[in-house]
Amino acid sequence: MTGIILAGGESQRMGTDKAFLKVDGRPLIERVLQVFLSQFEQTILVTNTPERYEGFRVRVVKDVVDVKGPLTGIYSGLLHAGSDHCFVAACDMPFLNPRLISYLKEIAGDFDVVVPMVKGYPEPLHAVYHRRVLPVIREHLERGDGRISGLYERVRVRYLSETEITHFDPRMRSFVNLNTPAEYKEALCSDSECR
């Protein structure tokens, strides 16, 4: 299986490049890469600023189409992947859980997408995608639609329940992503300070 890290966001709400913010003294991108390198035979990082990632042990690719949205990053990563199944996550997720990722890999089977459901919504940037969804994604992008909504209605999806997720990640920290200074501050504080 190939791991795909999306680092193409413009970080407008954060005001700085999220990938290089530090949590526990390490940049987010290093934390994510450590998990990916332990889980996948191949890791691809999708970004439109490849010069920032020189020196990392990862293949770096740029978006192949000029349509804003995470679907473009997923499409670009899948196009370059050497495996049929690919796990996709964002670069701003500091608490990825290897056991949960392993479970997603195990149950991927014949599904087009395996995606966790959190508070009633899918987590598309912590999911497994099969490369056979590429033509469907391409149709969306050709319409200028870079959103992920709508894709799942057209492919075979396995949704993970919160019960399944909490078996591996009781506090569901895997899905914490840092988009704003407030979210970053919360990620830095200890449990007692956050209450």
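Structure: see above.
What comes next is a walk through the structure. (Residues numbered from 1 in each chain as written. Predicted model: local features only at pLDDT ≥ 70, side-chain atom pairs only at ≥ 80, totals over all residues. Heavy atoms only, no water.)

Some remarks on the overall build of the protein chain
For clarity, the cut-off: Numbering of helices and strands runs from the N terminus; a helix is a DSSP stretch of H or I covering at least four residues, while a strand is a stretch of E covering at least two. Partly exposed describes any residue whose relative accessible area lies between the buried limit of under 20% and the exposed limit of over 50%, with all areas from a 1.4 Å probe on protein chains only and scaled to the type maximum. What makes two residues a contact is simply this: any of their non-hydrogen atoms within 4.5 Å. Throughout, the Shrake-Rupley method with a 1.4 Å probe supplies accessible areas, and for residues the shown protein chains are the sole cover considered.
Scanning the protein chain from N- to C-terminus turns up seven helices and ten strands. Here the protein chain holds 195 residues, and the buried ones make up 51% of them. Pairs at least 24 residues apart make up 69% of the contacts formed inside the protein chain by residues separated by at least 6 positions. Carbon and sulfur atoms make up 47% of the accessible area of the protein chain, which amounts to about 9700 Å² in all.

Considerations on the nonpolar core
Stated formally: Nonpolar cores are built from buried Ala, Val, Leu, Ile, Met, Phe, Trp, Tyr and Cys residues. Side-chain atoms within 4.5 Å join them into one set.
Formed by 33 residues in total, the largest nonpolar core has its most connected members in Ile5, Ile29, Phe36, Phe87, Leu96 and Leu160. At the level of secondary structure, the elements contributing two or more residues to this core comprise α1 (28-39), β6 (85-90), α3 (98-107), β7 (113-118) and α5 (162-168). When sequence neighbours within four positions are dropped, the list of residues in contact with Leu96 reads Val32, Val35, Phe36, Ala89, Ile101, His126 and Ser174. In this structure, Leu71, Leu78, Ala81 and Val157 belong to the second largest nonpolar core, which totals 27 residues.

Description of the pattern of salt bridges
Note that side chains of opposite charge can pair when their charged atoms are close. Applicable threshold: Every case where a carboxyl oxygen of Asp or Glu lies within 4 Å of a side-chain nitrogen of Lys or Arg is listed as a salt bridge.
Within this structure, the stated rule accounts for four salt bridges. Arg154 is paired through a salt bridge with Glu139; the nearest N and O atoms lie 2.8 Å apart. Taken together, the residues Arg154 in the loop between α4 (134-142) and β10 (157-160) and Glu139 in helix α4 connect sequence positions 15 residues apart. For Glu139, a relative accessible area of 35% translates into the label partly exposed.

A word on the packing of aromatic side chains
Applicable threshold: Note on aromatic pairs: the rings of Phe, Tyr and Trp (six-membered ring only in Trp) are paired at centre separations within 6.5 Å, and the planes decide the class, stacked below 30 degrees, edge-to-face beyond 60, tilted for the rest. Two conditions define a charge sitting above a ring: the NZ of Lys or the CZ of Arg must be within 6 Å of the ring centre, and it must be within 35 degrees of the ring normal.
Within the structure shown, the criterion is met by eight aromatic pairs. Here the aromatic rings of Tyr152 and Tyr159 are separated by 6.4 Å at their centres, their planes lie at 75°, and the arrangement is edge-to-face. Put simply, the rings of Phe20, Tyr53 and Phe56 pair up and form one aromatic cluster. Looking at Arg156, its charged tip hangs above the ring of Phe111, at a distance of 4.7 Å from the centre. Just above the ring of Phe95 sits the side chain of Arg173; from NZ or CZ to the centre is 3.7 Å.

What to know about helix α2 (residues 70-80)
The element α2 is extensively covered by neighbouring structure, given that eight of its eleven residues are classed as buried. Those residues of α2 that are buried lie in contact with β1 (2-6), β4 (42-46), β5 (59-61), β6, β9 (126-130) and α4.

Some words on the pairing of β1
Regular strands place their side chains on alternate faces of the sheet. The condition is simple: Strand pairing is defined by DSSP finding a minimum of two bridges between the two strands.
Among the five residues that make up β1, five are buried, leaving the element largely enclosed by the rest of the structure. Judged by which residues are buried, β1 turns out to be covered on both faces: Thr2, Ile4 and Leu6 on one side and Gly3 and Ile5 on the other are all buried. Bridge analysis of β1 against β4 gives five bridges, and the strand direction is parallel. Residue pairing for β4: Leu6 is matched across the bridge by Val46.

Considering α1
Here is the rule: Helix span is expected to be 1.5 Å times the residue number reduced by one.
End to end, α1 covers 17 Å across twelve residues, agreeing with the expected 16 Å (1.5 Å per residue, within 8%). Looking at the buried residues of α1, the elements they touch are β1, β2 (22-23), β3 (26-27), β4, β6 and α3.

Concerning the environment of Gln34
Defined as follows: In protein, a polar contact means a hydrogen-donor-capable atom and an acceptor-capable atom, both N or O and within 3.5 Å, with residues adjacent in sequence counting only if both atoms are side-chain atoms; elsewhere, any N or O pair within 3.5 Å suffices.
Position of Gln34 among the secondary structure elements: in helix α1. You can call Gln34 partly exposed: its relative accessible area is 49%. Between the alpha carbons of Gln34 and Leu96 there is a distance of 9.9 Å; along the sequence they are 62 residues apart. In terms of polar contacts, Gln34 uses its side chain to reach the side chain of Arg26, at 2.9 Å.

Focus: unusual backbone geometry
Its identity as a non-glycine residue notwithstanding, Lys119 has a phi of 55°, on the positive side. When you line up the elements, Lys119 lands in the loop between β7 and β8 (121-122). Taking relative accessible area as the criterion, Lys119 reaches 71% and is therefore assigned exposed. The phi dihedral of Met172 is positive, around 55°, even though this residue is not glycine. With respect to the secondary-structure elements, Met172 resides in the loop between α5 and α6 (181-188).

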